[in-house]
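Breakdown of the fold
For reference, the chains in residue letters:
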There are 2 protein chains.
Amino acid sequence: MSLLIKNISEIYTMDKDFRKIQNGFIYIENNKIKNIGSDHAELNTDNTDHIISAEGKIALPGFVNCHTHTAMTLMRGYADDLPLQTWLEEKIWPLEANLSAKDVYWGTLLGILEMISSGVTTFCDMYFFMDQVAEAVKKSGMRAVLGIGLIEEQDGEKGLNEALEFALNHQSQSERISTVLSPHAPYTCSPAYLCDIIGLSKEYNIPLNIHVSETKKEYDYIKKKYNRTPVQHLENIGLWERPTTAAHCVHLDEKDIGILSKYEAGVSYNAQSNMKLGSGIAPITELIGEGVNVGLGTDGASSNNNLDMIEEARTASYLQKVKHEDPTKLNLEKTAQMLTGGGAMALHLQNLGILKKNYLADIILIDINKEFTDYPHHNNLSNLLYAGNRNKIDTVIINGNIVMDQGDFLFLEPDRILKEAEMRASNLLKK
Amino acid sequence: MSLLIKNISEIYTMDKDFRKIQNGFIYIENNKIKNIGSDHAELNTDNTDHIISAEGKIALPGFVNCHTHTAMTLMRGYADDLPLQTWLEEKIWPLEANLSAKDVYWGTLLGILEMISSGVTTFCDMYFFMDQVAEAVKKSGMRAVLGIGLIEEQDGEKGLNEALEFALNHQSQSERISTVLSPHAPYTCSPAYLCDIIGLSKEYNIPLNIHVSETKKEYDYIKKKYNRTPVQHLENIGLWERPTTAAHCVHLDEKDIGILSKYEAGVSYNAQSNMKLGSGIAPITELIGEGVNVGLGTDGASSNNNLDMIEEARTASYLQKVKHEDPTKLNLEKTAQMLTGGGAMALHLQNLGILKKNYLADIILIDINKEFTDYPHHNNLSNLLYAGNRNKIDTVIINGNIVMDQGDFLFLEPDRILKEAEMRASNLLKK
């Protein structure tokens, strides 16, 4: 399979020099970028299977959503503005207790529809019934990093075995799926349980994904219990020695930031979720300053309440500016990099998130003459990230395949998914 | 002229009890709501000029944008991520110095296109060439509160006379335009100049609109110069005795909040602009607690960078939650009220912003089955404000007239406006 995208107004490569290519082309063979440049006339296109002409469009690497619980789209708008514990204990957990495997399948597809249509080409998911999530990923054409969330009290050793089995099984089933072991958090997993998980991570070479220091309450609890901050507690038991993606990292001290940097941990910055749940503002400027790989995450749709990564990126940037009362913080280029290659690095994925020869062909095309906010055209990237939203995404290519073509899905039936998700969400309330 | 909107799925009246009407109707005669209820069958519709059937749609009062400089859409994306003074002195002011009257006209039309399409039915504007802004407002069908911005050093007494003349002339020209006197800020207008403006405001019964305490720098400067905070300085010279809308109010002490409450000042909370420019987080929760009328504003498109009030409302809410580390702060209902009737009250406009008999007919219809984020339908208002964006707005009615009908503009030609605005923005850079 070969695919040529030609006449692209601007290609934002998102490489380390932030190189842009005017009137460019991208040539894809199978699942990789084979050639990229500014004049496709030199290319012999006789044997190209498919050609896209992208006049009036810009190309970026697909967005990477580093942290979500996709099936929670079923709970979008179900419970807002509540204190965290009330929200969890009285609203979310009782509903989740009633979720069936098929609910998770259809809820995940609803979330994937929304993510693809907003330019996401890779997401990292921690939930349960993860085999269903994997099915939804395979069907949709998406790329994903998947792991079964492990809460010691409810999952125990049995859950750990299942999580390992899931991780091993699905590592080789699809080249679009990679797997992780996902202990939920240091406050829901004991050191012994975490050590078992770390041991398996090492033995089978599986990376880790974990929530860390999301709330001040967690920070205080861990500090009181172990006499160490959550990050230092996890260092003490050897977790950071494994490739890890840590979600949230809102409450950190200076030493914590040094630890995350030293061990090359990836961090998922979930600005809107942290705002909506009142968790706090993560020290992202400081983390980046110490060289930590930071990506962006939406978290679940019941604490966000959408999976729009453009809006997430904008808010992520503005939140750092206001935190530091400094408009130069987390600028446009750095934000765009976090949304793409930075996210891939935070998830420890190789050859992804940059438009570059031999990198994976995850590419989005954006129409720059579609909305009123596209005018005037002083800066197309600014118009996209500081003024645009999900409606600007035109075409989405993942692993060399077109999955959304000018708004039309090639592997999914939106009407059917909306109907099923609606019915299942409604039934959940009746259970 | 009479207009009936029937079969509305849900009407959010935004009255003080937050009353919702299921399967309702709104009947409009001329520019006012004459009847509203839950069953239109009783109405004699034989003589109704126009009927809209609104199945699958919800109705809200139109949104009120309490603070913007609309023509600055021409500078969208032109200068981002810069320190405030560099941004103003090296980028914005030099460009503004070259703006012609016609640039302001077309830039304002571009902003009005964007605002109408995102559900805004009233905006408050402080800029220059305001007669051009008034022309754009008249042409578009919009409602607006307009005043010429006055900076003492550049405008002086001559500018003040022009501002007064503008305010008096345009008060009676259109029932959709009301006028204000707009001293720019306490740091750009001396007490003597402000006193002149306050005197004219009293003599001619014209309300005031002013920037107050936007940055810590301004706060410190005024405090040093007058030994009072900006709000207390303005109290001292009698400004708050006049009906005033104060934009920003980021840096306030407890006494300031008491003053704004005592004098019934309106406040425009401009969350995204305050974030992007790194100004700080306004004490909105505290202002509301003291009964101050707070509305929402986008500020200009070069510090936002769009005029999408849905996104503004969401960020405004989430920002208060994260500031207080409390997810119950600025909840959905309160946020919706600030977006509509609260905004009207902050602008001192009567009979506006609530769907109620004899109130002005500024109404928006929203399609609740349009986007993936509309699913599931646990809470349509939450899906609109916490998950939606401008693309959800279907139909916009201002002063009893349909100005946008299912996305189509009745009084404006989008293609012509986009072309003119693009050309003028591009030429500005060459001057």
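Rules used throughout
Residues numbered from 1 in each chain as written. Chains lettered and ligands numbered in written order. Predicted model: local features only at pLDDT ≥ 70, side-chain atom pairs only at ≥ 80, totals over all residues. Helix = DSSP H or I, 4+ residues; strand = E, 2+ residues; numbered from the N terminus. Buried ≥ 20, exposed ≤ 12 C-beta atoms within 10 Å, placed from the backbone. Contact = placed C-beta atoms within 7 Å. Pairing = 2+ DSSP bridges. Least-squares fit on C-alpha atoms with pLDDT ≥ 70 in both. Domains from an automatic or database assignment. Nonpolar A, V, L, I, M, F, W, Y, C, P; charged D, E, K, R; others polar. Axes fitted to C-alpha atoms, helices over the stretch in contact; angles between N-to-C directions. Parallel < 35°, antiparallel > 145°, perpendicular 65-115°, else oblique. Core = buried A, V, L, I, M, F, W, Y, C linked by C-beta atoms within 7 Å.

If you tally the helices and strands in chain A, you get 15 helices and 18 strands. Out of the 431 residues in chain A, the part that is buried amounts to 62%. Taking as baseline every contact in chain A between residues at least 6 positions apart, the subset at least 24 positions apart corresponds to 73%.

Our next topic: the pairing of strand β15 (residues 363-367) of chain A. All names here are of chain A. Within β15, 4 of the 5 residues are buried, which leaves it mostly tucked inside the rest of the structure. Note that strand β5 (residues 57-61) and β15 share 5 bridges and pair antiparallel. For L60, the partnering residue across the bridge sits in β15 and is I364.

Between chain A and chain B, the superposition needs a rotation of 180° and an axial shift of 0.0 Å, giving an RMSD of 0.0 Å. Within this description, the copies of the chain are treated as partners about a two-fold rotation axis. Most of the interface of chain A is mirrored in chain B: 100% of its interface residues are interface residues there too.

Residues and elements named next belong to chain A. Restricting attention to buried positions, one finds in helix α3 (residues 130-140) the residues M130, Q132, V133, A134, A136, V137 and S140. At its buried positions, α3 is contacted by α2 (101-117), β7 (120-127), β8 (143-150), α4 (152-171), β9 (177-179) and β17 (401-405). With its phi angle positive at about 90°, G141 sits one or two positions after the end of α3.

A few words on the domain arrangement of chain A. All names here are of chain A. Domain annotation for chain A reports domain 1 (2-62 + 359-409) and domain 2 (63-346). Taking only C-alpha atoms into account, the centre of domain 1 sits 28 Å from that of domain 2. Tallying the contact residues gives 24 residues for domain 1 and 26 residues for domain 2. Secondary-structure elements contributing two or more residues to the side of domain 1 that touches domain 2 are β5, α14 (380-387), β16 (393-398) and β17. Its residues assigned to classes, the side of domain 1 that touches domain 2 shows 15 nonpolar, 7 polar and 2 charged.

Before going further, it helps to spend a moment on the packing of helix α11 (residues 309-323) of chain B against helix α14 (residues 380-387) of chain B. Residue and element names in this part refer to chain B. Two elements in contact, α11 and α14, have axes whose closest approach is 7 Å; the angle formed by their N-to-C orientations is 90°. Judged by the inter-axis angle, α11 sits roughly perpendicular to α14. Residues I310, A313 and R314 of α11 touch α14, and the partners they reach there are L384, L385 and Y386. Here the residues of the contact of α11 with α14 sort into 5 nonpolar, no polar and 1 charged.

On to helix α12 (residues 332-339) of chain A. Residue and element names in this part refer to chain A. Along α12, 6 of the 8 residues are buried, which leaves the element largely enclosed by surrounding structure. Residues of α12 that are buried: L332, T335, A336, Q337, M338 and L339. Buried residues along α12 sit against β1 (2-12), β6 (63-68), β14 (293-296), α11 (309-324), α13 (341-346) and α14.

Buried together is how nonpolar side chains tend to be arranged in soluble globular proteins. Counting 299 residues, the largest nonpolar core has I26 and A59 of chain A together with I26 and A59 of chain B as its most contacted members. Split by domain, the residues of this core number at least three in each of domain 1 (2-62 + 359-409) and domain 2 (63-346) of chain A. Leaving out residues up to four positions away in the same chain, I26 of chain B has contacts with I5, I8, I11, I33, I36, A59, L355 and I363 of chain B.

On to the interface of chain A and chain B. Tallying the contact residues gives 55 residues for chain A and 55 residues for chain B. Contributions of two or more residues to the side of chain A that touches chain B are made by α2, α9 (271-276), α11, α14 and α15 (414-430) of chain A. For the side of chain A that touches chain B, the element with the highest residue contribution is α11 of chain A, accounting for 7 residues. When the residues that make up the side of chain A that touches chain B are grouped by side-chain class, the tally is 23 nonpolar, 21 polar and 11 charged.

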